[in-house]
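# Descriptive analysis of the structure
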Amino acid sequence: MIQQLLLLLYLLTMDIRSIYGSCSVTRIIMRVPREHDIGLMFDLTVSNRKAEKAEVLDFTVSSEGICTLNTTNGEQVLAGSIFGGDFGSIEPGSSITVSLVWPTVSLYNRVGSCPIVVSSVNHRNEVNRTQQILYFDTRFETLDSNNHSLRRRKDFVDCKNWDKNYFRNCTPLNCEELYFGKRSYYNRTTEQCEAVPACIGDGIQYDFYANECVDTNNFITDEEIEQLKQGKFDNNYMELHEYGTSQKSFYYDWYFPLNADKDSESESEKESTNANTIFSNERPSSGSGSMWNRLGDLRVVQGISLILEMLLIILCTAVTYVVVCLSLLGLMELIATMKPYTVSSAHIDELLFRNFQQIKNLKFDDEKVSTISSREQQKTEDSVEKCFDRFEQTQFLNPRVTQLNRIEHHKYLDSMLRALPSHYQCLDSSRPWCVYWILQSAQLLSLTFDEQTLNGVVQFLTKCRAPTGGFGGGPGQYAHLAPTYAAVNSLCIIGTKEAYSAIDRDSLIKFLFSVRDADGSFRLHVDGETDVRGAYCAISCAKLVNIPDPLLKELFAGSGDWIASCQTYEGGFGGAPDLEAHGGYTFCGIASLALLNEADKCDKKALLQWTLRRQMSYEGGFQGRTNKLVDGCYSFWVGATIPITQATLVGTDKSMEQTFFDIEALQEYILLCCQKANGGLIDKPGKPQDLYHTCYTLSGVSIAQHSESAQNPQVLGDMINELLPTHPLFNIPPNHKHLKRKTPDGGIDRREYIGHLVDEYYTSTNVEALEQVTANLANFAYDPINWPHLHEADALDVFVASVDTQNQNLQLHAIAALCNFCLDRNAAKFIIDNITIIRRLFLHSEHSGIVLHSLALHYQLLSAGLANKQLLISPEFLKRVQHWRSESNDARIVKLCQLCKQAQSKLQQVQVIKRFTQHDLETFAQFTGDYNYIHTKDIPVEERRVHGALLNAVVAGIIGTRLPGPGTVVLEQNFKFLKPCRIETDTVVTVRLLNSRKISTVEYECRQNDDVVFAGSAKLLTRSY
């Protein structure tokens, strides 16, 4: 009876449910993933099906649990949840499309499912739940079964392994991201991602290289090793320190030279309990003879060892005595021959940074009279002091603090040449200048652009050429001397036939005559202002385009006298007669007179004194005028004026052969204070980067390194800081005459010659000829001017092929060439792609020269930031480095080994500059749903705030991609929002790695206008230690 009643009740309930509507999923579509999607996207159609009693239903779609992911070998892994969904109301018979996302950065070759639930509620608060499984399959076979798009990409490789990247030459994917932390270790033997064991317990540690837990309690201690060396052991030693069930399972088995036999263990244990018995004159009882023989042998060995130790002590004492005596004798001779110190760059072997604590007394003293100028000077010195302090705190921990950030500067220049940001619109009438600043900076840094890009530049500058002659500030603009100078310099830097053809010399001469005044001065444009800049631009262009001498004399008649009249009582030059002396005008004045060979018309000694006084005692950089602030651009304007002036005085004063300004201090200021972490150089600390200051600060460094009075480049810090020389009069790199000095008379074009060498390598069968070819190519690789030619001839393929031979000479030449070539960005990428072959050479070669260049190659790639540290520093590499560090007698190898070892555990810092826009806020709000009015256009810009989570996301991006880098997982965070972060303001985001272990720690901060707006710290699980 009860059963019948229950059945009736069930039927009634079912009948009521059929009367009323409910929500269900009627269609599921998984979007085809695109490379930069944030995850797999699903579009669900939710319908309110028609029923007898139609009603509006409230519904929600949400995750019902953890998603399941299949691996290559068929196993299943729990992998995150699905997010998104929607909630709201559905009219009877209507449908709504709902979007869900399963977040993942690895979009392809994912097979699995995610559970969801669709809940609906009617007006009686009755809940109906429908569970649904969303299946996904993004294998390439499924997405692109007909080979239409994905598998026809040039970079596609069918790896037959889901744990590898099909678009990156089958390199391993990030296991941590791929399996949501469930399989974080990539086994290079099985080529599969594996789970990381939980190592819990006292003394239990995780071994990253073996992916296993290790009991450190079973390691042999230093004390036990010492006892072993002294012979204080018994035959039971191996049994006492067992790790596992057999000797082979010992963690460090090379610590165990002893191999006692099991049969004698019990006897040896009895004998070793009594020391008097062991060393007595009585023979032990029968049955222990084998033990006695071993102990007798041990006594002989101990005696010999004692004698050898005594001889070694006597020898070390004698050697130490001789060394001390020789050192004292050398010191006495040095003191006797010491002379007062003079700065002569011809004899400087190594430039050193100043002691910044000792030079603080050089800071400005306002003598207790505070003015606007004095306060600005003190503020500038304080900002410079912070840079110096940062150097002193991190110089031994982070060698990159003293390096030129070539890679970031390359990226900055490359992006600016292709598209200028909107805030450069104020320079619309100076567009040839932007081109010149980029090309000149790139040349100094040895950055090359592809032929198509340079042809585009030539075409653009051709459009800027005015019908009246000369060049305007942009297409269709009036001719002007300043952009004419910039355009001519740019075309000379490019140096192709097409570039030279873009200069119409005849119309240029007509333009120059049209802006010339009767007194020899020049107006910047027709009916424009007159100043010394116009004279310099006209003279420089005339010299570069090689205007015939008769026309030159006519064009610049009286110009030297007019320029000389611009020199002031201080010694510098003003823009025109009777104006204040200025660093930029001074350069234009003396450079113009030097080009006209009329430098004797000015007071050169007064000029030299004035320029030398412009170098700031504390900062090290130059100011542009008396009582003004330091500025990076005057590194060239004033820095180049000094060697030009000295060169004009060399004939009458031999002391002028020395470098008169402090080249170390100038390089200090630019390296430590004028570099932006995200590329580009600046005026002074706290200023934004721009193309103008990037060009002229780099030009100033080049002048300091390649001063006309110096016999060799004088480079402060790492040799990676060396720039190509620039011509002090024109400020463009050396012309073809400079190259000719390195080419024998009658020699063929070096581009053609390099091509011939590469061809000979592939056609010759004579080993000696091959060795000569690779030696020549290695020599060419030393000079960055040759790098484009080496790329064009595919010389890198020759170098890698030579590394992979058995001929030591070919290997030596090839690794030396790669070491010379590696600072070129494209070459570095090629080297990293072939790093396995190069590392194999280092791991197996005993040739000291090969080892030296291999270490130098790795160190340069690391210190320049051209390669991922985890990729370069493998356990095998470090083991080999340790071997050479202890075994080599070459001080250079030992030093490089130390640097490479330090590279794996130094305090590091990454700094980027972000300028958040309203578009950024709106995009972030669209993704997160945070439409708080404080982030929207509902309030004024100056009151609008950046989302706090967006700041944290920027920090997370740095942690996950740069420091420590890919594979990093955040375990814990603590942070504070100290002040509002505003939009359209430079935000300096700094992340510092405090230690580099399995569990690493970073601290970070975001600053706006020197105010900390966001700061915190995080603990990380990192794979880069």
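Use the structure listed above.
The sections below set out a description of the structure shown in this document. Owing to the predicted nature of the structure, the values given are computational and were not obtained by experimental measurement.

## Remarks on the state of the cysteines
- Tallying each qualifying case throughout the model produces four disulfides.
- What pairs with Cys-159 in a disulfide is Cys-170, and their sulfur atoms sit 2.1 Å apart. Between Cys-159 and Cys-170, the S-S dihedral sits near -100 degrees, and the bridge is therefore left-handed. Placement of Cys-159 in the loop between helix H2 (140-143) and helix H3 (175-178) and of Cys-170 in the loop between H2 and H3 is noted, with a sequence separation of 11 residues between them.
- Two residues, Cys-199 and Cys-213, share a disulfide whose sulfurs are 2.1 Å apart. Residues Cys-199 and Cys-213 are joined by a disulfide whose S-S torsion is about -90 degrees; by sign, that bridge is left-handed. On the criterion of sequence distance, the pair formed by Cys-199 in the loop between strand S12 (192-194) and strand S13 (204-207) and Cys-213 in strand S14 (residues 212-215) is long-range, its members being 14 residues apart.

## Details of the packing of helix H19 (residues 583-595) against helix H20 (residues 604-612)
- Interaxial distance between H19 and H20 falls to 12 Å at its minimum, and their mutual angle equals 150 degrees. The two elements H19 and H20 cross, and the hand of that crossing is left-handed. Residues Gly-583, Thr-586 and Ile-590 of H19 pack against Leu-607, Trp-610 and Thr-611 of H20.
- Its residues assigned to classes, the contact of H19 with H20 shows three nonpolar, three polar and no charged.

## Some details on the sheet that holds strand S2 (residues 39-48)
- Across the sheet, which stays open at both edges, the four strands sit in the order S1-S2-S8-S6 with antiparallel pairing between neighbours. The outermost strands of the open sheet, each flanked by one partner alone, are strand S1 (23-30) and strand S6 (83-84).
- In terms of strand pairing, S1 meets S2 through seven bridges, oriented antiparallel. Bridging across to S2, Arg-27 finds its partner in Thr-45.

## Some thoughts on the packing of aromatic side chains
- This structure, assessed with the given rule, holds 36 aromatic pairs.
- Plain terms: the ring middles of Phe-975 and Phe-977 are 5.6 Å apart, the flat faces sit at 70 degrees to each other, and that makes the pair edge-to-face.
- Classification of Phe-977 as partly exposed rests on a relative accessible area of 44%.
- Through a chain of ring-to-ring contacts, the aromatic side chains of Trp-433, Tyr-436, Trp-437, Tyr-485, Tyr-536, Phe-587, Phe-636, Trp-637, Tyr-692 and Tyr-696 assemble into a single cluster.
- A cation over an aromatic ring shows up here: Lys-363 above the ring of Tyr-618, its NZ or CZ 5.6 Å from the ring centre.
- The residue whose ring lies beneath Arg-614 is Trp-610, and the NZ or CZ to ring-centre distance is 4.9 Å.

## A short note on the environment of Thr-104
- Inspection of the secondary structure assignment puts Thr-104 in the loop between strand S8 (95-103) and strand S9 (111-121).
- Separated by 75 residues in the primary sequence, Thr-104 and Tyr-179 place their C-alpha atoms 9.3 Å from one another.
- Within the local environment of Thr-104, its side chain forms a polar contact with the backbone oxygen of Ser-106, the two atoms lying 3.1 Å apart.

## Focus: unusual backbone geometry
- Positioned with a positive phi, Asn-109 is a non-glycine residue whose angle comes to about 60 degrees.
- With respect to the secondary-structure elements, Asn-109 resides in the loop between S8 and S9.
- You will see that Lys-368, though not glycine, has its phi angle at about 65 degrees, which is positive.
- Relative to the elements of secondary structure, Lys-368 occurs in the loop between helix H8 (289-337) and helix H9 (372-394).

## Focus: the nonpolar core
- In this structure, Tyr-436, Leu-481, Leu-512, Phe-556, Phe-587, Leu-691 and Tyr-696 are the most contacted members of the largest nonpolar core, which totals 118 residues.
- When residues in this core are grouped by element, the largest group, 10 residues, is from helix H13 (residues 481-494).

## Points about the side chain of Thr-987
- Here Thr-987 lies in strand S17 (residues 986-995).
- At a separation of 2.8 Å, a polar atom in the side chain of Thr-987 contacts the side chain of Gln-1008.
- Beyond its immediate sequence surroundings of up to four residues, Thr-987 is in contact with Val-912, Ile-913, Lys-914, Phe-916, Cys-981, Cys-1006, Arg-1007 and Gln-1008.

## A closer look at the pattern of salt bridges
- Taken as a whole, this structure holds 32 salt bridges when the rule is applied.
- In this structure, Glu-529 and Arg-533 form a salt bridge, with 4.0 Å as the shortest nitrogen-oxygen distance.
- Between Glu-580 and Arg-625 there is a salt bridge, and its shortest N-O distance comes to 3.2 Å. Highlighted residues: Glu-580 in the loop between helix H18 (559-564) and H19 and Arg-625 in the loop between H20 and helix H21 (634-637), separated in sequence by 45 residues.
- Salt bridges sharing partners connect three or more residues here, namely Lys-360, Lys-363, Asp-382 and Glu-385.

Rules behind the numbers
- Residues numbered from 1 in each chain as written.
- Predicted model: local features only at pLDDT ≥ 70, side-chain atom pairs only at ≥ 80, totals over all residues.
- Heavy atoms only, no water.
- Disulfide = S-S within 2.5 Å.
- Helix = DSSP H or I, 4+ residues; strand = E, 2+ residues; numbered from the N terminus.
- Axes fitted to C-alpha atoms, helices over the stretch in contact; angles between N-to-C directions.
- Left-handed = near helix turned anticlockwise from the far one by under 90°.
- Contact = heavy atoms within 4.5 Å.
- Nonpolar A, V, L, I, M, F, W, Y, C, P; charged D, E, K, R; others polar.
- Pairing = 2+ DSSP bridges.
- Phe/Tyr/Trp six-rings, centres within 6.5 Å; stacked < 30°, edge-to-face > 60°.
- Buried < 20%, exposed > 50% of the residue type's maximum accessible area, 1.4 Å probe, protein only.
- Lys NZ or Arg CZ within 6 Å of the ring centre and 35° of its normal.
- Polar contact = N/O pair within 3.5 Å; in protein donor to acceptor, adjacent residues only side chain to side chain.
- Core = buried A, V, L, I, M, F, W, Y, C linked by side-chain atoms within 4.5 Å.
- Salt bridge = Lys/Arg side-chain N within 4 Å of Asp/Glu carboxyl O.

Bear in mind that shape data such as this cannot, by itself, settle questions of function.
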